[in-house]
Amino acid sequence: MKTTKKILVLLVAIALFASIFTMAGCDALSGKTKIGVAMPTKSLQRWNQDGSNMEAKLKEAGYDVDLQYANDDPALQITQIEGMITNGCKVLVIASIDGSALGPVLATAKDKKIKVIAYDRLLMNTDACDYYATFDNYMVGTIQGQYIETTLGLASAGDKVYNLEMFAGSPDDNNARFFFQGAYDVLKPYIDAGTLNIVSGMTAFEDIAIPGWKTESAQAKMDDRLSAFYADGTKLDVVLSPNDSLALGIANSLTAAGFEVGVDFPIITGQDCDKANMKNVLAGKQSMSIFKDTRDLADQVVKMVKAIVEGKEVEVNDTKTYDNGVMIVPSFLCVPKYADKNNYKELLIDSGYYTEADLA
Ligand code: GAL
């Protein structure tokens, strides 16, 4: 054979070899199995941590990782997942923006025998969601409700009445209803008994939900409620906030309206232990947050990925709770904890999640 012909044959062989590997979910050059990780946004601290934990732990386990953030844009997330499929990812780990928007692209993945793990948020109305790994979302709400119950001493409040306002998360996120229901189930008996009084009268999920978990929207909604119902000096004792991005907006609104820590600043709940919020907890502008150790969730998901790739049984601990409209998705639920100014050192600093400087 002439040299040029030999080179050509070699090139064709390499190309063939590469495409076979890509089809098998392996990166042609490294020979490693490729995993796609789709995260919703970089705009909230927690998702950055989720993404980098997942990337580090998957690489440590010997996989190639295609990590993408979708800027809270469901259409962009679809494009990114399409890319992951084309690039030969063998397993997709997806924290969705709109849990119901991914049906067609997930169907494509299923056709190609790619396994899908819903990360933190459930993928809705699809039969192409193989597993779900999350924190116990109902328990998150329960802990928030119980924090309010014990901090105000509701069980022994007698004739005392406390004024409460409630918020809920994004309606396109299946978790949002679980958080709200968990909290509401604890608070409802006190609302019924009149111990908790919702001055605005707003209790329906649709009326109190904040699309996109936006800080600014929560702030604007709190501004509205303060001027409509509290401008006359009516006391506000407690605000149920499902997570930290909302809690931040609520605290900003209260501060702007002249509420002062140690004087009339209400109890505010939260979730995620974002740095800005833990600083607020230390400054008295938020009472608690839910600690969801993203390292635990990442560990669990990496275990799932390994089991899938090696054809072993995937560990789950809940096969009843998460109905996505088409099927009940086998789930692994991690345990959330509450953090406040009394236990944050042990929970967040001693565990290496944050340094003291992060919260200074
Ligand atoms: C939820 C998640 C929460 C919170 C929220 C806003 O799906 O479970 O921890 O981060 O999204 O991003």
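## Regarding the overall build of the protein
Move 1: When its secondary structure is counted, the protein shows 12 helices and 12 strands.
Move 2: On the principal axes, the C-alpha backbone points of the protein span a range of 95 × 45 × 35 Å.
Move 3: Across the 360 residues that make up the protein, the buried fraction comes to 51%.
Move 4: A separation threshold of at least 6 residues defines the contact pool for the protein, and within that pool the share at least 24 residues apart is 71%.

## Examining the domain arrangement of the protein
A common way to state how big an interface is: give the accessible area lost once the parts meet.
Move 1: Segmentation of the protein into domains returns domain 1 (32–129 + 293–335) and domain 2 (137–292).
Move 2: The distance between the C-alpha centroids of domain 1 and domain 2 comes to 30 Å.
Move 3: The interface of domain 1 with domain 2 comprises 16 residues on the first partner and 17 residues on the second.
Move 4: The junction of domain 1 with domain 2 conceals about 1400 Å² of combined surface from both sides, 45% of it contributed by carbon and sulfur atoms.
Move 5: Summed over the shared surface of domain 1 and domain 2, the result is three salt bridges.

## What about the environment of A101?
Move 1: Within the element layout of this structure, A101 appears in the loop between β3 (91–94) and α4 (103–111).
Move 2: Among the residues examined, A101 registers a relative accessible area of 24% and is labelled partly exposed.
Move 3: Separated by 27 residues in the primary sequence, A101 and P74 have C-alpha atoms spaced 6.9 Å apart.
Move 4: If sequence neighbours within four positions are ignored, A101 has contacts with P74 and I78.

## Focus on the packing of aromatic side chains
Move 1: Within the structure shown, the criterion is met by eight aromatic pairs.
Move 2: Seen in terms of ring centroids, F180 and Y184 are 5.4 Å apart; in terms of plane orientation they differ by 25 degrees. Their pairing is stacked. Of the two residues, F180 and Y184 both sit in helix α6 (residues 174–193), four residues apart, roughly one turn of that helix.
Move 3: The positively charged end of K42 is found above the aromatic ring belonging to Y69, 4.9 Å away from the centroid.

## A closer look at the sheet that holds strand β2 (residues 64–69)
Move 1: Ordered by their spatial adjacency, six strands build an open sheet running β2-β1-β3-β4-β5-β11, and the pairing between neighbours is parallel. In this open sheet, the two strands that pair with only one neighbour each are β2 and β11 (331–334). This sheet shows a mean twist of 15 degrees between the axes of neighbouring strands, independent of strand direction.
Move 2: Bridge analysis of strand β5 (residues 131–135) against β11 gives four bridges, and the strand direction is parallel. Pairing of T134 across the sheet is with L333, part of β11.
Move 3: Here helix α3 (residues 74–86) sits on the sheet and contacts β1 (34–39), β2 and β3; the angle it forms with β1, its principal contact strand, is near 180 degrees.

## Details of the packing of helix α8 (residues 215–230) against helix α9 (residues 244–256)
Move 1: Direction vectors running N to C along α8 and α9 enclose 40 degrees, while the axes themselves pass 7 Å from each other. On the basis of their axis angle, the class for α8 and α9 is oblique. Crossing of α8 over α9 shows right-handed handedness. Two secondary-structure elements touch here, α8 through T215, A218, Q219, M222, D223 and L226 and α9 through S245, L246, L248, G249, I250, N252, S253 and L254.
Move 2: Of the residues contributing to the contact of α8 with α9, the split by class is seven nonpolar, six polar and one charged.

## Examining α3
Move 1: With 13 residues, α3 should reach 18 Å at 1.5 Å per residue; the first-to-last C-alpha distance of 19 Å fits that figure.
Move 2: Along α3, the residues classified as buried are Q77, Q80, I81, M84 and I85. Projected down its long axis, α3 shows its buried positions confined to an angular sector of 145 degrees, all on one face.
Move 3: Along its buried surface, α3 packs onto β1, β2, β3 and α4.
Move 4: Where α3 begins, one side-chain oxygen reaches toward the backbone nitrogen of A75, 3.0 Å away; that side chain belongs to D73.
Move 5: Note on α3: the residue one or two positions beyond its end, G88, has a positive phi of about 85 degrees.

Rules of the game
Residues numbered from 1 in each chain as written. Predicted model: local features only at pLDDT ≥ 70, side-chain atom pairs only at ≥ 80, totals over all residues. Heavy atoms only, no water. Helix = DSSP H or I, 4+ residues; strand = E, 2+ residues; numbered from the N terminus. Buried < 20%, exposed > 50% of the residue type's maximum accessible area, 1.4 Å probe, protein only. Contact = heavy atoms within 4.5 Å. Domains from an automatic or database assignment. Buried area = accessible area lost by both parts, 1.4 Å probe. Salt bridge = Lys/Arg side-chain N within 4 Å of Asp/Glu carboxyl O. Phe/Tyr/Trp six-rings, centres within 6.5 Å; stacked < 30°, edge-to-face > 60°. Lys NZ or Arg CZ within 6 Å of the ring centre and 35° of its normal. Pairing = 2+ DSSP bridges. Axes fitted to C-alpha atoms, helices over the stretch in contact; angles between N-to-C directions. Parallel < 35°, antiparallel > 145°, perpendicular 65-115°, else oblique. Left-handed = near helix turned anticlockwise from the far one by under 90°. Nonpolar A, V, L, I, M, F, W, Y, C, P; charged D, E, K, R; others polar. Expected span 1.5 Å × (residues − 1). Arc of directions from axis to C-beta. Polar contact = N/O pair within 3.5 Å; in protein donor to acceptor, adjacent residues only side chain to side chain.

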